[in-house]
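Per-entry structural report
Each chain, written out:
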Amino acid sequence: MMTRYGMLVNTRKCIGCYACREACQHQNKLLDNEPFIRYEERVTGKFPTTDVEMVPMQCMQCTDAPCVSVCPTGASHIGPDGIVVIDHGRCIGCLYCMAACPYQLRVRNEETGAVDKCRFCVAAVKPGEAASNCVSACPMGVRTFGDLDDPESDVSREIRATGAKPLVEGLTEAAIYYAR
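Because the structure is predicted, anything quoted here is derived from the model rather than measured.

Details of the pairing of strand 1 (residues 5–10)
Taking burial as the measure, the six residues of strand 1 include six buried ones, the bulk of the element. Across the two faces of strand 1 the burial is the same, with Tyr5, Met7 and Val9 and Gly6, Leu8 and Asn10 all buried. Relative to strand 8 (residues 143–147), strand 1 runs antiparallel, the two sharing five bridges. Across the sheet, residue Val9 finds its bridge partner in strand 8, namely Arg143. With four bridges connecting them, strand 1 and strand 10 (residues 176–179) associate as parallel partners. What sits directly across from Met7, in strand 10, is Ile176.

See the structure below:
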């Protein structure tokens, strides 16, 4: 049985330190202007009792990925583990996938012209280990990674315990859940 990877991001714990983003940039050797993780600040409540929620965002690994359906070369595709990946050798830099992503979470490498995005760094994962540096670098334990189809996995248990949901319900079938 194939693993279907997913992640929980608990924004209740996020302090906006950018450790996950820095770890991702380092692990993937990204240019400074090519982040796979973007932060949004969302103000909640009403003055004078407002609060700012930090929301780290990356490719939502949609099972119905609009970016995949518009790719004319098949460079963007969904792997057997459910991860949306890009074959850089087939990417022609047309940017259709960037336009189709409802979350605007793809980035263009200015040096190569190819488009890229978070891929959960699964290539670096060994059984029993955390997915990537973004998970292990977080000092607050904001992220939980694992198999969404295993009801006993850490990520499945945390989704149930926190009542986490996709960032925007009904937009896509995202594999990233947010506890807010």
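Brief notes about the nonpolar core
Of all hydrophobic cores here, the largest spans 39 residues; its most connected members are Met7, Met60, Phe120 and Tyr178. For this core, the elements supplying multiple residues, two or more each, are strand 1, helix 1 (19–27), strand 3 (51–57), strand 5 (84–86), helix 4 (133–137) and strand 10. The next biggest cluster of nonpolar side chains, apart from the first, holds seven residues, and it includes Leu8, Leu148, Val155 and Ala179.

A look at helix 1
Regarding helix 1, the residues found buried are Cys20, Arg21, Ala23, Cys24 and Gln25. In this fold, the buried residues of helix 1 make contact with strand 2 (38–44), helix 4 and strand 8. Among the residues trailing helix 1, Lys29 stands out with phi positive, at a value near 50°.

A few points about the pattern of salt bridges
The final tally for this structure, using the stated rule, is six salt bridges. For Arg180, the salt bridge identified is with Glu53, shortest N-O distance 2.8 Å. Placement of Arg180 in the segment after strand 10 and of Glu53 in strand 3 is noted, with a sequence separation of 127 residues between them. Looking at Arg180, the relative accessible area reads 42%, which means it is partly exposed. For Glu53, a relative accessible area of 12% puts it in the buried group.

The rules behind these values
Residues numbered from 1 in each chain as written. Predicted model: local features only at pLDDT ≥ 70, side-chain atom pairs only at ≥ 80, totals over all residues. Heavy atoms only, no water. Buried < 20%, exposed > 50% of the residue type's maximum accessible area, 1.4 Å probe, protein only. Helix = DSSP H or I, 4+ residues; strand = E, 2+ residues; numbered from the N terminus. Pairing = 2+ DSSP bridges. Core = buried A, V, L, I, M, F, W, Y, C linked by side-chain atoms within 4.5 Å. Contact = heavy atoms within 4.5 Å. Salt bridge = Lys/Arg side-chain N within 4 Å of Asp/Glu carboxyl O.

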